[in-house]
Amino acid sequence: MVEKIMKDSNTKEIDLINRDPKQINEDVVKVEFEDVIAEPDGTHSLDGVWKLSYTTFTVSKYWCYRILSAIFGIPVALLWGFLFALISFCHIWAVMPCIKSCLIESQCVSRIYLLCIQTFCDPLFEAVGKVFGSVRVALRKEV
């Protein structure tokens, strides 16, 4: 007897190197020192101050992000997981059944509407078409 091995999407391996494989934050959070602080020509600080400012900015951004994500990452992930589970639940159990119900009802109404059009309007328009179908128009230019 052959057993099928089912893979759960919740237990798949995650890539610890490429953490944004779909590039959803490509242009949003790529903020570097040069994007925030810049000294134009003629207004330069001391080279040591500039290097220390660069290092301070880069290291503080790196460690603040790591500390904030360590403290708030799991609770925020829990909230987002709950929100998307709620959205999925509403979509699966409320939105799609409502849409399907409307489609079923609209098909019923459209059949009745089509039957009424074919019964009452089609003969009328065919008769009017036959009446005006024998009309001939001749254009003459008189001078």
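Since the structure is predicted, the reported quantities are computational estimates derived from the model, not experimental observations. (Residues numbered from 1 in each chain as written. Predicted model: local features only at pLDDT ≥ 70, side-chain atom pairs only at ≥ 80, totals over all residues. Heavy atoms only, no water.)

> Mind showing me how you'd approach the layout of surface pockets here?
Take a probe with the size of a water molecule and roll it over the atoms, and the empty space left behind shows itself. Empty space within the largest pocket amounts to approximately 1400 Å³. Forming the walls of the largest pocket are 23 residues, and the residues nearest its centre are Arg-19, Asp-20, Asn-25, Val-29 and Tyr-65. Class assignment of the residues belonging to the lining of the largest pocket gives a composition of nine nonpolar, four polar and 10 charged. (1 Å grid on protein atoms, 1.4 Å probe; cavity = no way out; pocket = protein on both sides within 12 Å on 5 of 7 lines; lining within 4 Å. Points joined across faces, edges and corners; volume = space filled by probe spheres on them. Nonpolar A, V, L, I, M, F, W, Y, C, P; charged D, E, K, R; others polar.)

> Help me out: how do you make sense of the packing of aromatic side chains in this one?
Two numbers describe a pair of aromatic rings. These are the distance of the centres and the angle of the planes. Tallying each qualifying case throughout the model produces six aromatic pairs. With a centroid separation of 5.3 Å and an interplanar angle of 85°, the aromatic rings of Phe-33 and Tyr-54 are classed as edge-to-face. Placement of the pair is Phe-33 in helix α1 (residues 33–36) and Tyr-54 in helix α2 (residues 47–133), with a sequence separation of 21 residues. For Phe-33, a relative accessible area of 1% gives the class buried. Members of the aromatic cluster, joined through ring pairs, are Phe-33, Trp-50, Tyr-54 and Phe-57. Sitting over the face of the ring of Trp-63, Arg-66 holds its NZ or CZ atom 5.6 Å from the ring centroid. (Phe/Tyr/Trp six-rings, centres within 6.5 Å; stacked < 30°, edge-to-face > 60°. Helix = DSSP H or I, 4+ residues; strand = E, 2+ residues; numbered from the N terminus. Buried < 20%, exposed > 50% of the residue type's maximum accessible area, 1.4 Å probe, protein only. Lys NZ or Arg CZ within 6 Å of the ring centre and 35° of its normal.)

> In this structure, what is going on with the UniProt feature "transmembrane region" (unreviewed entry) in the protein chain? I would like to understand it.
When the UniProt feature table is mapped onto this chain numbering, "transmembrane region" (unreviewed entry) sits at residues 67–94. For residues 67–94, the helix share is 100%, the strand share is 0%, and the end-to-end C-alpha distance is 40 Å. (UniProt positions renumbered as here; feature names shortened; annotations may be inferred.)

> Please explain unusual backbone geometry as it appears in this structure.
Leaving glycine aside, a negative phi is the common case for residues, and trans is the common case for peptide bonds. Non-glycine residue Gln-23 carries a positive phi angle of around 55°. Here Gln-23 is to be found in the segment before α1. Look at Gln-23 and you get partly exposed, because its relative accessible area is 42%.

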